[in-house]
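# A look at the structure
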Amino acid sequence: MNSIRLNVRWMDVEAGQPFPVSVAVTRPSSLVRLGAEPETRRCPHCNSVVYSRRHERCGACERPLPPSCRFSEQEAEQVLALFQWEREQHRHWLKRTGSVELW
(Lines give C-alpha, C1' and ligand atoms only; values in the text may rest on other atoms or scores of the structure.)
Protein backbone atom coordinates (compact mmCIF):
# COMPACT_ATOMS: atom_id res chain seq x y z
CA MET A 1 0.00 0.00 0.00
CA ASN A 2 1.08 3.55 -0.57
CA SER A 3 0.90 5.99 2.28
CA ILE A 4 0.28 9.67 1.73
CA ARG A 5 0.65 12.34 4.37
CA LEU A 6 -1.50 15.40 3.78
CA ASN A 7 -0.66 18.63 5.58
CA VAL A 8 -3.14 21.51 5.20
CA ARG A 9 -2.84 24.79 7.09
CA TRP A 10 -6.34 26.24 7.12
CA MET A 11 -5.60 29.39 9.15
CA ASP A 12 -2.79 30.68 6.88
CA VAL A 13 -4.97 31.04 3.82
CA GLU A 14 -6.47 34.35 2.77
CA ALA A 15 -9.86 34.45 1.09
CA GLY A 16 -9.71 33.46 -2.57
CA GLN A 17 -6.19 31.98 -2.34
CA PRO A 18 -5.48 28.31 -3.09
CA PHE A 19 -4.86 26.05 -0.09
CA PRO A 20 -1.21 25.10 0.52
CA VAL A 21 -0.89 21.33 0.41
CA SER A 22 2.22 19.22 0.91
CA VAL A 23 2.16 15.55 0.03
CA ALA A 24 4.77 12.95 0.98
CA VAL A 25 4.53 9.61 -0.82
CA THR A 26 6.45 6.58 0.41
CA ARG A 27 7.43 3.53 -1.59
CA PRO A 28 5.11 0.54 -1.39
CA SER A 29 6.35 -1.96 1.20
CA SER A 30 6.31 -4.87 -1.25
CA LEU A 31 8.72 -3.01 -3.53
CA VAL A 32 11.03 -2.35 -0.59
CA ARG A 33 11.08 -6.07 0.27
CA LEU A 34 11.98 -6.93 -3.31
CA GLY A 35 14.64 -4.25 -3.48
CA ALA A 36 12.92 -2.71 -6.52
CA GLU A 37 12.24 0.88 -7.44
CA PRO A 38 8.96 1.97 -8.99
CA GLU A 39 9.44 2.98 -12.60
CA THR A 40 7.16 3.54 -15.52
CA ARG A 41 7.54 1.16 -18.44
CA ARG A 42 5.69 1.68 -21.70
CA CYS A 43 4.65 -0.62 -24.49
CA PRO A 44 6.92 0.01 -27.50
CA HIS A 45 3.99 -0.53 -29.89
CA CYS A 46 1.25 1.72 -28.46
CA ASN A 47 3.14 3.70 -25.77
CA SER A 48 0.62 2.76 -23.05
CA VAL A 49 1.80 2.20 -19.47
CA VAL A 50 2.66 -1.41 -18.62
CA TYR A 51 0.95 -1.85 -15.26
CA SER A 52 2.04 -5.44 -14.67
CA ARG A 53 5.40 -6.82 -15.67
CA ARG A 54 4.08 -10.33 -14.99
CA HIS A 55 2.04 -10.45 -18.21
CA GLU A 56 3.49 -11.35 -21.59
CA ARG A 57 1.14 -9.11 -23.58
CA CYS A 58 0.25 -5.42 -23.47
CA GLY A 59 -3.11 -4.75 -21.80
CA ALA A 60 -4.02 -2.11 -24.39
CA CYS A 61 -2.88 -3.41 -27.79
CA GLU A 62 -2.46 -7.14 -26.92
CA ARG A 63 0.91 -7.32 -28.67
CA PRO A 64 3.74 -9.30 -27.05
CA LEU A 65 5.90 -7.22 -24.72
CA PRO A 66 9.69 -7.34 -25.12
CA PRO A 67 11.73 -8.95 -22.33
CA SER A 68 12.82 -5.50 -21.09
CA CYS A 69 9.18 -4.76 -20.14
CA ARG A 70 8.70 -8.04 -18.25
CA PHE A 71 10.17 -9.51 -15.08
CA SER A 72 13.31 -11.56 -15.46
CA GLU A 73 13.11 -15.19 -14.33
CA GLN A 74 14.71 -14.31 -10.98
CA GLU A 75 12.39 -11.33 -10.39
CA ALA A 76 9.34 -13.44 -11.26
CA GLU A 77 10.40 -16.07 -8.71
CA GLN A 78 10.91 -13.36 -6.06
CA VAL A 79 7.45 -11.90 -6.73
CA LEU A 80 5.84 -15.34 -6.57
CA ALA A 81 7.62 -16.10 -3.27
CA LEU A 82 6.51 -12.74 -1.86
CA PHE A 83 2.87 -13.38 -2.87
CA GLN A 84 2.94 -16.82 -1.28
CA TRP A 85 4.48 -15.48 1.94
CA GLU A 86 1.91 -12.64 2.17
CA ARG A 87 -0.99 -15.09 1.57
CA GLU A 88 0.33 -17.32 4.33
CA GLN A 89 0.68 -14.35 6.70
CA HIS A 90 -2.89 -13.32 5.91
CA ARG A 91 -4.15 -16.86 6.61
CA HIS A 92 -2.35 -16.85 9.97
CA TRP A 93 -3.88 -13.47 10.81
CA LEU A 94 -7.38 -14.70 9.91
CA LYS A 95 -6.89 -17.78 12.05
CA ARG A 96 -5.51 -15.75 14.97
CA THR A 97 -8.39 -13.26 14.94
CA GLY A 98 -10.96 -16.03 14.61
CA SER A 99 -12.48 -14.37 11.55
CA VAL A 100 -12.47 -17.58 9.58
CA GLU A 101 -11.72 -21.20 10.24
CA LEU A 102 -9.16 -22.43 7.78
CA TRP A 103 -8.81 -26.02 6.78
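The rules behind these values
- Residues numbered from 1 in each chain as written.
- Predicted model: local features only at pLDDT ≥ 70, side-chain atom pairs only at ≥ 80, totals over all residues.
- Heavy atoms only, no water.
- Helix = DSSP H or I, 4+ residues; strand = E, 2+ residues; numbered from the N terminus.
- Buried < 20%, exposed > 50% of the residue type's maximum accessible area, 1.4 Å probe, protein only.
- Areas by Shrake-Rupley, 256 points an atom, 1.4 Å probe, with all protein chains shown as cover.
- Disulfide = S-S within 2.5 Å.

Moving on to the overall build of the protein chain. A tally of helices and strands in the protein chain yields 2 helices and 2 strands. Element order for the protein chain, N to C, with α for helix and β for strand: β-β-α-α. A buried classification covers 12% of the 103 residues belonging to the protein chain. Working note: accessible area of the protein chain is about 8,800 Å², and carbon and sulfur atoms make up 52% of it.

This next bit is on the state of the cysteines. Evaluated as defined, the whole model comprises 0 disulfides. For Cys43, which is in no disulfide, the shortest distance to another cysteine sulfur is to Cys61 and amounts to 3.8 Å. In this structure Cys61 is a free cysteine whose sulfur lies 3.7 Å from that of Cys58, the closest cysteine sulfur available. For Cys61, a relative accessible area of 27% puts it in the partly exposed group.

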